[in-house]
Each structure stands twice: as structure tokens, then as C-alpha cells.
Amino acid sequence: TYVVTESCIKCKYTDCVDVCPVDCFREGPNFLVIDPDECIDCTLCEPECPAGAIFRDDDLPEGQEEYEEINARLAKVWPAIIQKKPAPEDADAWLEVKDKRGLLEE
Ligand code: SF4
Ligand code: F3S
């Protein structure tokens, strides 16, 4: 399955949503996750993310391993998002910021 990682937090560009053939993205206040029970590993979303936030579960960057559990858990409680929408106004300002884990709103 594919996993959304930290760089999505407060960026939330949602380009990923439009290309997913099985609509498996779920939306929280400032982050998106992928439902691992729905993702078919098609790879289409990975290159679409301007933040480079999407990785395959067996190829997660160092320090991003916990996002596998975060995606699986929040996918069960957050609603589906099936269409791209405008990013937060300050999304670009958060693009290069590291260590955003504490800012994730559940
Ligand atoms: Fe959707 Fe394909 Fe991305 Fe999985 S890999 S979330 S199926 S676009
Ligand atoms: Fe997040 Fe990238 Fe999608 S920033 S909303 S994973 S396009």
C-alpha cells in the first residue's frame, strides 16, 4: 500500500486525490491519508504530490515509519475526499518545513 507522510501536513495540495482510481484518500483538518484496505498500489499518486509526501509502505524514508500506522488508523475515521480542492493559503510556506509531526490535527 501507499502511505502519506509528514510533508503533507499543512500543505495538503490534494493533487493526489484526482488521480486515484479507487478513491482511497481520506481527509483530515490539515493532512490526508490513504486507506490501506482500498489502495491497489497503482503508483499514480506518488509523482503527483508537490510535497513528495507519498511513498510505498516498504520504501518509507527513515523516520517516517510511523505514518503507516497513522494512515491506517485515521483512514477509519476520516471522510473520503474524491476531488482536488484548493490548498491552504499558506501551503507553500510549509513546504520546506521539517518536523511537522506535532502539527498534525486529528
Ligand atoms: Fe490510489 Fe494508486 Fe495512490 Fe493507492 S497508489 S492511493 S490506489 S493512486
Ligand atoms: Fe498531501 Fe501531497 Fe496529496 S501534499 S494532499 S499527499 S498531493
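Residues numbered from 1 in each chain as written. Chains lettered and ligands numbered in written order. Predicted model: local features only at pLDDT ≥ 70, side-chain atom pairs only at ≥ 80, totals over all residues.

**Considering the nonpolar core**
Here is step 1 of the chain: In terms of nonpolar packing, the biggest core is built from 25 residues, with Val4, Cys8, Cys16 and Ile34 touching the most fellow members.
Here is step 2 of the chain: Non-local contacts of Cys8, meaning those with residues more than four positions away in its chain, are made with Phe31, Leu32, Ala51 and Ala53. (Core = buried A, V, L, I, M, F, W, Y, C linked by C-beta atoms within 7 Å. Buried ≥ 20, exposed ≤ 12 C-beta atoms within 10 Å, placed from the backbone. Contact = placed C-beta atoms within 7 Å.)

**Side note on the site of ligand 2**
Here is step 1 of the chain: Close to ligand 2 lie 14 residues, the nearest being Cys8, Cys16, Leu32, Cys49 and Ala51.
Here is step 2 of the chain: For the shell around ligand 2, the per-class residue count stands at 10 nonpolar, 1 polar and 3 charged. (Near = placed C-beta within 6 Å. Nonpolar A, V, L, I, M, F, W, Y, C, P; charged D, E, K, R; others polar.)

**Focus: the site of ligand 1**
Here is step 1 of the chain: The environment of ligand 1 is formed by 13 residues, the closest being Tyr2, Cys20, Cys39, Cys42 and Cys45.
Here is step 2 of the chain: Class assignment for the residues of the shell around ligand 1 results in 11 nonpolar, 1 polar and 1 charged.

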